[in-house]
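Here are the chains, one letter per residue:
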Amino acid sequence: MEDKSCPFKIILGSSSIARRKILAEMGYEFTLMSADIDEKDIRKENPEDLVMALAEAKAEAILHRGPVGDYIKEADPTLLITSDQVVIYEGVVREKPANEKEAREFIQGYSGGHAATVGSVLVTNLKTGFRKGAWDRVEIYFHEIPDEIIEKLIEEGTVLHVAGGLIIEHPLIKPYVKQVVSLIISVNHMVGTTDSVMGLPKALTQKLIKEAL
């Protein structure tokens, strides 16, 4: 873990356990705030625009709840980090499964096949108002996933609360992950990594933090 005793504060605008874990692994201390928005109200034609719009909406929801003026007055800047992720399967955007039946169908589809994640990170400097965001994409290939493993995942329940019901770091699913392929989308976007699939790409987050200061 790196020593990041930097003269700034971080607010992670997420209730995701995985995102908390990743940001802590990066060596940062932070406070938590949840946006509590209705993600279904925000629709976009392509997944890249969708995850960026959702990260923006989360940031705005958090800002509207708190006294922004207090952050402007403080000597050290406060950075708000928001993010979102969707899963793409056969060209269709998948968000959190609506129920156990849909989660089961999602995971059965990944068995012996592949899916992709598109994730966004948005960093807002609450002192200066500067805001910068970007997205990345990762392809995940799977071995055949036994039905009994799928049922255990459904019973355990975590898959019901993540985009596409996809948790490659879960001990039950990890042995069936064949390959994680990072893609370079363009010079303006980062290469996705395993932590991207978990919900918060470290390299992209670090890059945006530096740019926001």
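A quick note: this is a predicted structure, and the numbers were derived from the prediction, not measured. (Residues numbered from 1 in each chain as written. Predicted model: local features only at pLDDT ≥ 70, side-chain atom pairs only at ≥ 80, totals over all residues. Heavy atoms only, no water.)

A look at the pattern of salt bridges
Side chains that carry opposite charge are capable of pairing whenever their charged atoms lie near each other. The criterion, for reference: Note on definitions: salt bridges are taken to be side-chain nitrogens of Lys or Arg within 4 Å of carboxyl oxygens of Asp or Glu. Strands here mean DSSP runs of E at least two residues long; helices mean DSSP runs of H or I at least four residues long; both are numbered from the N terminus. Remark: exposure states derive from per-residue accessible area (1.4 Å probe, protein chains only) relative to the maximum for the residue type, with buried under 20%, exposed over 50%, and partly exposed in between.
A complete count under the given rule lists 11 salt bridges for this structure. Residues Glu25 and Lys202 are paired through a salt bridge, measuring 3.1 Å at the closest nitrogen-oxygen approach. Taken together, the residues span a long stretch of sequence, with Glu25 in helix α1 (residues 17-25) and Lys202 in helix α7 (residues 202-212) at a distance of 177 residues. The class of Glu25 is partly exposed, set by a relative accessible area of 36%.

Focus on the side chain of Asp195
For the record, the criterion: Only four residue types enter the tally: Lys and Arg on the positive side, Asp and Glu on the negative side; His and the chain ends are excluded. Residues count as neighbours in contact if any of their non-hydrogen atoms are within 4.5 Å of one another.
Note that Asp195 resides in helix α6 (residues 194-198). An unpaired buried charge is present at Asp195: no salt bridge exists, and Lys202, the closest side chain of opposite charge, is 5.0 Å distant. What Asp195 contacts, discounting residues up to four positions off in sequence, is Ile22, Leu200, Pro201 and Lys202.

Focus on α1
Our working rule: This arc is built from the directions going out from the helix axis to the C-beta atoms. Whenever two N or O atoms come within 3.5 Å, that pair is a polar contact, provided that in protein one can donate a hydrogen and the other can accept it, and provided that, for residues adjacent in sequence, both atoms are side-chain atoms.
All of the buried residues in α1 are Ala18, Arg19, Ile22 and Leu23. Around the axis of α1, the buried residues are gathered within 130° of arc, so they sit on the same side. Facing away from the buried side of α1 by more than 90 degrees, the exposed set consists of Ile17 and Lys21. Its buried side turned inward, α1 meets β1 (9-12), β3 (78-89), α6 and α7. Where α1 begins, the side chain of Ser16 points an oxygen toward the backbone nitrogen of Ala18, at a separation of 3.3 Å.

Here we look at the pairing of β3
Applied cut-off: The criterion for strand pairing is that DSSP finds at least two bridges linking the strands in question.
Counting buried positions over the 12 residues of β3 gives 12, a clear majority of the element. The two faces of β3 match: Thr78, Leu80, Thr82, Asp84, Val86 and Ile88 on one face and Leu79, Ile81, Ser83, Gln85, Val87 and Tyr89 on the other face are all buried. When β1 meets β3, the two strands line up parallel, connected through 4 bridges. When the bridges of β3 are listed, Lys9 appears paired with Thr78.

Structural notes on the layout of surface pockets
So the rule is basically this: Definitions used throughout: a 1 Å grid over protein atoms alone; a cavity as a set of points that fits a 1.4 Å probe which cannot get out; a pocket as an open set with protein on both sides within 12 Å along at least five of seven lines; a lining residue as one with an atom within 4 Å of a point. Grid points are joined across faces, edges and corners, and a volume is the space filled by probe spheres set on the points. The nonpolar class holds Ala, Val, Leu, Ile, Met, Phe, Trp, Tyr, Cys and Pro. Asp, Glu, Lys and Arg form the charged class, and all remaining residues, Gly among them, are polar.
Empty space within the largest pocket amounts to approximately 870 Å³. Residue lining of the largest pocket: 33 residues in total, with Ser16, Ile17, Arg19, His161 and Val162 positioned closest to the centre. Only α1, α2 (47-65), β3 and α6 provide two or more residues apiece to the lining of the largest pocket. Of the residues forming the lining of the largest pocket, the biggest block, 4 residues, is contributed by α1. Of the residues that constitute the lining of the largest pocket, the class distribution is 14 nonpolar, 10 polar and 9 charged.

The analysis is restricted to geometry; functional conclusions fall outside its scope.
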